[in-house]
Amino acid sequence: QVQLVESGGGKVQPGGSLRLSCAVSGFTVSRYSMSWYRQAPGKERELVATITTPSGSTNYLDSVKGRFTISRDNAKNTVYLQMNTLKPEDTAVYYCNRRFVTISWGQGTQVTVSS
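Residues numbered from 1 in each chain as written. Predicted model: local features only at pLDDT ≥ 70, side-chain atom pairs only at ≥ 80, totals over all residues. Heavy atoms only, no water.

Draft legend 1. Structural view of the overall build of the protein. On a plain count of helices and strands, the protein comes out with 0 helices and 10 strands. Shown N-terminal to C-terminal, the secondary structure of the protein runs as helices and strands in the order β-β-β-β-β-β-β-β-β-β. With respect to the principal axes defined by its C-alpha atoms, the protein has extents near 40 × 25 × 25 Å. In the protein, which comprises 115 residues, the proportion classed as buried is 43%. About 6,000 Å² of surface is accessible on the protein, with carbon and sulfur atoms providing 46% of the total. For the protein, the distance from the average position of its 13 positive side-chain charges to the average position of its 7 negative side-chain charges is 5 Å. (Helix = DSSP H or I, 4+ residues; strand = E, 2+ residues; numbered from the N terminus. Buried < 20%, exposed > 50% of the residue type's maximum accessible area, 1.4 Å probe, protein only. Areas by Shrake-Rupley, 256 points an atom, 1.4 Å probe, with all protein chains shown as cover. Lys, Arg positive; Asp, Glu negative; His and termini not counted. Charge placed at Lys NZ, Arg CZ, Asp CG, Glu CD.)

Pasting the structure below:
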């Protein structure tokens, strides 16, 4: 069964950090470019970060460059998003999925940045 399970969200103060995890089942993450997306209240879902295959190169939304890092652990079949220097505008529900051929979305994980 193909499944995406995001975790690691929470409430942090501006400047804080979080590490999101996406546990994947039903396919092998190393065979697909994988991405993190986010959706803030009242806004469209947007692409935040991508890690490609096979090169493992990464690219990011301009507003998160230098603060967020996407990575994957092939042995654990898991994709991560390390988020540093968080800002209130990073508040959103974060989802992972394949980059080019998405599958059913997981439940996401809520990130709230507020003092």
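Now that the structure has been shown, we can carry on.
Draft legend 2. Representation of the state of the cysteines. Taken as a whole and judged by the stated rule, the model has 1 disulfide. Sulfur-sulfur distance for the disulfide between Cys22 and Cys96 comes to 1.7 Å. For the disulfide bridge between Cys22 and Cys96, the dihedral angle about the S-S bond is near 40°, and by the sign convention the bridge is right-handed. A residue pair is termed long-range when its members are at least 10 positions apart, and Cys22 in strand β3 (residues 18–25) and Cys96 in strand β9 (residues 92–98) qualify at 74 residues. In terms of burial, Cys22 and Cys96 fall into one category: buried. (Disulfide = S-S within 2.5 Å.)

Draft legend 3. Here's a closer look at the sheet that holds β3. Strand order in the open sheet made by the 4 strands is β1-β3-β8-β7, with antiparallel pairing throughout. The open sheet has two edge strands with one neighbour each: β1 (3–7) and β7 (68–73). Shown here is a sheet whose adjacent strand axes are inclined to one another by a mean of 15°, direction ignored. The pairing of β1 with β3 spans 5 bridges and is classified as antiparallel. (Pairing = 2+ DSSP bridges. Axes fitted to C-alpha atoms, helices over the stretch in contact; angles between N-to-C directions.)

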